[in-house]
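# Analysis of the macromolecular model
In case you want the letters, here they are:
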Amino acid sequence: MKSQELRQAWIDFFVGKQHKLLPPASLVPHEMSTTLFTIAGMEQFVPVFLGEQPAPAPRAVTVQRCLRVAGAKSDIESVGRTGRHGTFLEMLGNFSFGDYYKREAIAWAWEFVTQVLHLDSARLYVTVHTGDDEAERIWIDEIGLDPARVSRFDEENFWTMGATGPCGPCTEIFYDTGSEHASGPQDTGPNAGDRYVELWNIVFQQYNRSSDGKLEELPCKAIDTGAGLERMLAVCNGVASMYQTDLFTDVVAAQPPVGRTALSAQEQTARRNIIADHMRAATFLINDGVYPSNTDRGFVLRFLIRRAIRNGKLLGYPDGFLASLVGAVVRSLETGYPELRESEERIASALRHEEQIFDRTLERGVAMLDRLLDDALRSGTRSIGGEQAFALHDTYGFPLELTREVAAERGVAVDVVAFDRLMEEQRERARRDAAAKRDVVALADLPATRSEFTGYDEGLESDGRVLAILKGGVLTGSLGAREEGTLVLDRTSFYAERGGQIGDRGTITTAGSGQAASTSSVQARFDVRDTQYMGEAIAHHGITVEGRITVGDCVRTSVSPRWRREIRRHHTSAHLLQRALKDVLGEEVNQAGSWVGIDRMRFDFRWPEGALSNEQKRAVAHRVNEMIRDDSHLVTRVLPLEEAKKTGAIWMAGENYGEMIRVVTAGPSIEFCGGTHSHSTGELGMFVILSEFSIGSGIRRIESCVSEAAEEYLGKQSDLIGSLSASLAASPEELRERVERIQRDVKDLQTSLGQLRARLAATEAESYVEKAERRGERAFVGAVVHEANAEALRHLGNAIRSRLRSGVVALAGIDNGSVSLLVTASDDLVRTGVHAGNLVKLAAPLVCGKGGGQAAQAQGGGSDAAGADAAVRAIRNAVLA
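Okay, so let's go over this structure. (Residues numbered from 1 in each chain as written. Predicted model: local features only at pLDDT ≥ 70, side-chain atom pairs only at ≥ 80, totals over all residues. Heavy atoms only, no water.)

## Some words on the packing of aromatic side chains
Per the stated rule, a full pass over the model turns up 25 aromatic pairs. Here the aromatic rings of Phe49 and Phe97 are separated by 5.8 Å at their centres, their planes lie at 40°, and the arrangement is tilted. You can see Phe49 sitting in helix α2 (residues 46-49) and its partner Phe97 sitting in strand β3 (residues 88-97), a full 48 residues away along the chain. Residue class for Phe49 comes out buried when judged on its relative accessible area of 2%. (Phe/Tyr/Trp six-rings, centres within 6.5 Å; stacked < 30°, edge-to-face > 60°. Helix = DSSP H or I, 4+ residues; strand = E, 2+ residues; numbered from the N terminus. Buried < 20%, exposed > 50% of the residue type's maximum accessible area, 1.4 Å probe, protein only.)

Here you go:
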């Protein structure tokens, strides 16, 4: 059986049981998820289980791509070495949201494995939770399973996705692969070894585990099935390993022939399997909008790519082999995921770029790691310090896991505790940033968690009702005058921050002016300073200016007209800019992120060719302004996802789109977008690029503005040019030539000044040499020189050295409160052990600074001029002691 045949059989079976086929979610989960990647088919339905969102259908079927590289659901060291461990997997799922429960779920599972897959029922075994008598009874009494083939387990049969969230008891189906695959004499049943392979897991979702560990009943009981496609496919084909199925064999076969290697045949097979697994994971991660970086998801992707590259080098593969495997991965999976074909070149380009980066640093990094390993073995410590591992990570991009893996191959341990301590500050910053975007209140605590945004149809104003009020993150009944808090409404005209567009500002008012009824006795006004999502609820953060707002009040929402107007114009400019970048640079340009504000817009894009030339920037700006002058009317259509994709619209890889998509057309620009936009491109007035620079490997950022902000910017630039023209007595056209002439004059003056300083230094040098202190064969010249920067000190030091054949020169220059240190030592004293670098290190702390250098010459500096004399004395004492 081929992989696509199994996928289709699953879908057809459950569609025949009145399940709705739903598209898979991205590997990048919802921003409120507690996991870094999508790790289970049920993850996209967590809000449904919790009662925060309505179910998409009473019954659903999915084929969900998942990534497991850390935590309890991953064993990275076993990937490629056992027949059932991988990082990327496809989870077959069927779900019931308060519809059917245990009886139907168990019956259909048995029907599928025995009548669709035609597996031998005599080789099927079942496990249930220790407290689940009902499930056991169904298996024995209704399915007819021999009680001897039903086992009870506690933790193994209670499924959780993490420390918090939906959970519940489960029942699993295992397949007996035969005694030849047993791990040992004790491997006689499920969960005892490798002989019995888990095929199917039916989770009876009935609890929500809160942050304090308590189990609370879910609003309604649900069915959540997870069946690993890879394991099931291996069993269906009678092979012991998923790496023997078409999901992997084609990718392994596409790899280059093994070159010069010291690996055994068994190790070669394992390494080729690892490369195939990691390529599948990397292909889907890049497809879903994740790119290599040193943080979060990008860090995991970089680790997988570099681990694959290293295994390829151990196999003797040529440089750049990884990108050549993309086609094989796409061919293997495109029947189930046709979007991969569209992303193939983008994925290959990202891999080529990462391979080039890693190749440039790998040689130095491996050399450093080899030295560390040699030292660890030579000294007998057999350990690499956390500081050294961190340096490998920070300087060479070596993930800790890769360092540990290489070290383990030579029997050396790594101090992970020290490494983690050094990483903690960066992690803490990331945690603070993430926490700032979340509310401390559990969404389940709110009386409703979905707000309707009315701004598309009703404009800037709308009527709504207060559903919840938060003060200091705690639910409260009302907010009085001058109290800050958060209002959650059922309907609102305020756009909440999403997709890079910042949230709206404005006011919310209760009764008054006949706009809306209210349960409050007096009119109240609430100034909205920011609008954010809390799950699917729209939260208005601000302060009550007057009156009191109470839960249940009917209110009028009013967005600031200027705020909305300027934001939607800048948002529209992001669409035009992306179109212009593709027109000028090529279709391979892809958006990596954006931020839309009231007075500027940031647009991040993937472009590995480096900084844009002035000609390219002018061409991009010209193209955007062309589209603005065309004054095209914007058209928004709401289409089903698959129909929307057929429009040729640009869409962000990795975004979790719903079933219905807003497709925005602005002249030649067509994009998926849920933001707010101008009515026509002509509204934008003029587009101006403010800056263009790198923000990461292969990622550029353009900052720009339109409308009022562009007018203001150009006005200031005009005033600046006018002021410079007046000051330099030159027309605007002559400014460049005049400034270049001034720069040449300054350079000439600097040269003359340097020559003058050198002559003065030569004159002063004679007097310093005459005052040299001598003790035995050693001479010492030391002085504190006022109004002397590092350059002046260098001239003076060179002049003294040329007149002092043997000795040490130590100078401390003071310039505007800062101190420069210079120490030189003659060759004969260096041979006796004098080291200028060590002398600077000795003196620098006395001026609250640091420094160092070579034995013959060293420099340093500090911020405490009061310590300059003491610094020179310390060097003198060390030299003449």
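## Structural notes on the sheet that holds strand β35 (residues 857-862)
Taken in spatial order, the 6 strands line up as β30-β31-β32-β33-β35-β34 in an open sheet, and their pairing is mixed. One side of each edge strand has no neighbouring strand; the edge strands of this open sheet are β30 (773-775) and β34 (849-853). For this sheet, the mean angle separating the axes of adjacent strands, direction not counted, is 15°. Here β30 pairs with strand β31 (residues 778-786) via 3 bridges, running antiparallel. Bridge assignment links Arg774 to a residue of β31, and that residue is Ala779. (Pairing = 2+ DSSP bridges. Axes fitted to C-alpha atoms, helices over the stretch in contact; angles between N-to-C directions.)

## Quick notes on the sheet that holds strand β25 (residues 635-640)
Pairing within the open sheet is antiparallel, and its 3 strands lie in the order β25-β26-β27. Each of the sheet's edge strands pairs with one partner strand only, and the pair in question is β25 and β27 (669-672). On average, each strand axis in the sheet is inclined to that of its neighbour by 25°, with strand direction left out of account. Bridge analysis of β25 against strand β26 (residues 660-666) gives 6 bridges, and the strand direction is antiparallel. From the neighbouring strand, Arg637 faces β26, where its bridge partner is Val663. Docked against the sheet, helix α15 (residues 561-585) engages β26 and β27, running at close to 115° with respect to β27. (Contact = heavy atoms within 4.5 Å.)

## Quick notes on the nonpolar core
By size, the foremost hydrophobic cluster in this structure holds 109 residues, and its most contacted members are Phe112, Trp139, Trp200, Met232, Leu322 and Leu351. Among the elements that line this core, the one with the most residues is helix α10 (residues 339-379), at 12 residues. Leu351 has contacts with Met279, Ala282, Ile286, Ile305, Leu322, Ala323 and Val326, leaving out every residue within four places of it along the chain. (Core = buried A, V, L, I, M, F, W, Y, C linked by side-chain atoms within 4.5 Å.)

## A word on the pattern of salt bridges
Charged atoms that come close allow side chains of opposite charge to pair. Enumeration over the complete set of coordinates arrives at 54 salt bridges. Linking Arg103 and Glu142 is a salt bridge whose minimum nitrogen-to-oxygen distance equals 3.0 Å. You can see Arg103 sitting in helix α3 (residues 102-116) and its partner Glu142 sitting in helix α4 (residues 133-142), a full 39 residues away along the chain. Residues Arg525 and Glu546 are paired through a salt bridge, measuring 3.6 Å at the closest nitrogen-oxygen approach. On the criterion of sequence distance, the pair formed by Arg525 in strand β19 (residues 525-534) and Glu546 in strand β20 (residues 537-546) is long-range, its members being 21 residues apart. Overall, the relative accessible area of 27% leaves Arg525 in the partly exposed class. With a relative accessible area of 40%, Glu546 lands in the partly exposed category. (Salt bridge = Lys/Arg side-chain N within 4 Å of Asp/Glu carboxyl O.)

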